[in-house]
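Now for the letters of each chain:
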Amino acid sequence: MKPGLPQNPKILVTRTDRIGDLVVSTPIFELIKKKHPKSHLAACVFSEHCELVSGNPFVDEVILYEKKDAQKNWIGQWRFAREIHAKKFDAVIHLHATNRMHIMSLFAEVPIRIGYNRRAPWALTQVFPYDKKEGLKHETNYLTDLVCASGFSSQPAEPVLPYVPVTQGNRLSVSNLLQHLGVEANEPIAVIHPSASDVSKMWPVENFSEFLKQYVSGKVRWIAVGDAKAAEQTAIISKLSGLLVLDLCGKLSLGMLAALFEKAKLVVSNDSGPAHIAAAVGAPTVSIFGRWQPGMNAERWKPNGKKAIVVTPQIESIPVAERAFTYVDRISVEQVLDAAKKVTP
């Protein structure tokens, strides 16, 4: 038991960040719970990401943070801190350094406040070096080091993989939606995610369309997912490939997206949050990763899953000083096809 903690501690873990960042953080819940099985473990996440952790067997409580609404200004931030104070947490572990979360935990008077040496570290009681930007290992491994160094976990003998719960309600919703769109109950589906948060992560639509034309593994029904903006890319891919691609862009909740991936024979995605969700639910996943810089590279941010594989550009011959920001357009259709063959039966 860590000094200063009661026998049944109340522990808060915060990760107010992007979708994929939250997904690769989920192994930490299991690690803490195994070290402190009688603890009350709460996760603080953005409200729009609730379905990614609600139902996680290692999380006892999900606390929603409304950065764009209730907690938008400092008055809302203060009220949120008082709500956390009322819950009487014994410790808080910040997996992602933000001024808001660090200062909130100080105002909430949580006795033990753990985090990285960046963005208001003076609000913490235990500060650890921020070396993630070196990109020498996976984000999950960096977080594991944090909770182990602070005494809240022990190094696992085997890697703990990310976990995203899939509810029966979301499975039923997806099945009903697919039936409505004319997809037979036993018809194999494959999913593409052609968009991303930044254009530097996006494999050219021409490559996606060529991949669809060349992919041969029995009959599959192609489905595209992403935000509403991805519909334009989906239409181009469908036109260039000459194949019907069902457009579900902007039409699924995160929980439904997880349920869709769970049904998929294959998921091919740009470097983005959905790729992490797909890997976490066990879908055969190919992630296309064009950025190479330390801290942004595949070594740190690739999706982790038993059936997940990442495809990176072959740039070893290019001197580091002469490299461009991204080489996603250098990833060939053949590379992605080979990866798809490796992860599918």
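Engineer: Just checking my understanding: could you explain the packing of aromatic side chains for this structure?
Structural biologist: Here the distance between the centres and the angle between the planes together describe a pair of aromatic rings. Taken as a whole and judged by the stated rule, the model has eight aromatic pairs. Here the aromatic rings of Trp-203 and Phe-208 are separated by 5.1 Å at their centres, their planes lie at 75 degrees, and the arrangement is edge-to-face. The same class applies to Trp-203 as to Phe-208, namely buried. An aromatic cluster of three or more residues is present, and its members are Phe-46, Tyr-65 and Phe-80. Of note, Lys-10 hangs over the ring of Phe-89, and the distance from its end group to the ring centre comes to 5.3 Å. In this arrangement the basic side chain of Arg-323 is found over the ring face of Trp-292, its NZ or CZ atom lying 5.0 Å from the centre.

Engineer: I would appreciate a short explanation of the side chain of Glu-187 in the present structure.
Structural biologist: Within the secondary structure, Glu-187 sits in the loop between helix H6 (168-180) and strand E7 (189-193). On the accessibility criterion, Glu-187 (12% relative accessible area) is buried. Within the structure, Glu-187 has its side chain in polar contact with the backbone nitrogen of Glu-184 (distance 3.0 Å). Not counting the four nearest positions on each side in its chain, Glu-187 is found in contact with Gly-182, Lys-219 and Arg-221.

Engineer: Please explain the pairing of strand E1 (residues 10-14) as it appears in this structure.
Structural biologist: Successive side chains on a regular strand alternate, one facing one side of the sheet and the next facing the other. Most of E1 is tucked away, with four of its five residues classed as buried. Pairing of E1 with strand E2 (residues 40-46) involves five bridges; the strand directions are parallel. The partner of Leu-12 across the bridge, within E2, is Ala-42.

Engineer: Help me understand the pairing of strand E5 (residues 112-116) in this model?
Structural biologist: Most of E5 is tucked away: five of the five residues are buried. Traced from strand E4 (residues 91-94) through helix H4 (residues 99-107) to E5, the parallel crossover comes out right-handed. Of the pairings in the sheet, the one linking E5 to strand E6 (residues 126-128) comprises three bridges and is parallel in character. Counterpart to Gly-115 in the pairing with E6 is Val-127.

Engineer: Just to check I follow, could you spell out the sheet that holds strand E10 (residues 266-270) for this structure?
Structural biologist: Two orientations exist for strands paired in a sheet by backbone hydrogen bonds: parallel and antiparallel. Ordered in space as E9-E8-E7-E10-E11-E12, the six strands form an open sheet in which the pairing is parallel. Of all strands in the sheet, those bounded by a partner on one side alone are strand E9 (245-247) and strand E12 (308-311). Put simply, the sheet's adjacent strands are angled 20 degrees from each other on average, direction ignored. Pairing analysis gives four bridges linking E10 to strand E11 (residues 285-288), with the strands arranged parallel. Among the inter-strand pairings, Asn-270 is bridged to a residue of E11, identified as Ile-288.

Engineer: I'm lost on the environment of Val-13 in this one. Help?
Structural biologist: Along the chain, the position of Val-13 falls in strand E1. On the basis of relative accessibility, which here comes to 2%, the residue Val-13 falls in the buried class. Between the alpha carbons of Val-13 and Asn-141 there is a distance of 16 Å; along the sequence they are 128 residues apart. Setting aside anything within four residues of it in sequence, one finds Val-13 in contact with Phe-29, Ile-32, Leu-41, Ala-42, Ala-43, Cys-44, Ile-93 and Leu-95.

Engineer: Mind showing me how you'd approach the packing of helix H3 (residues 74-86) against H4 here?
Structural biologist: A packed helix pair is summarised by two numbers, namely the angle formed by the two axes and the spacing between the axes. Two elements in contact, H3 and H4, have axes separated by 8 Å at closest approach and are oriented at 50 degrees. When the interaxial angle is binned, H3 and H4 end up oblique. Our pair here, H3 against H4, has a crossing hand that is right-handed. Together, Trp-74, Gln-77, Trp-78, Phe-80, Ala-81, Arg-82 and Ile-84 of H3 and Arg-100, Met-101, Ile-103, Met-104 and Phe-107 of H4 make up the contact between the two elements. Residues of the contact of H3 with H4, tallied by class, amount to nine nonpolar, one polar and two charged.

Quick notes on the rules
Residues numbered from 1 in each chain as written. Predicted model: local features only at pLDDT ≥ 70, side-chain atom pairs only at ≥ 80, totals over all residues. Heavy atoms only, no water. Phe/Tyr/Trp six-rings, centres within 6.5 Å; stacked < 30°, edge-to-face > 60°. Buried < 20%, exposed > 50% of the residue type's maximum accessible area, 1.4 Å probe, protein only. Lys NZ or Arg CZ within 6 Å of the ring centre and 35° of its normal. Helix = DSSP H or I, 4+ residues; strand = E, 2+ residues; numbered from the N terminus. Polar contact = N/O pair within 3.5 Å; in protein donor to acceptor, adjacent residues only side chain to side chain. Contact = heavy atoms within 4.5 Å. Pairing = 2+ DSSP bridges. Right-handed = clockwise from strand over helix to strand, strands pointing away. Axes fitted to C-alpha atoms, helices over the stretch in contact; angles between N-to-C directions. Parallel < 35°, antiparallel > 145°, perpendicular 65-115°, else oblique. Left-handed = near helix turned anticlockwise from the far one by under 90°. Nonpolar A, V, L, I, M, F, W, Y, C, P; charged D, E, K, R; others polar.

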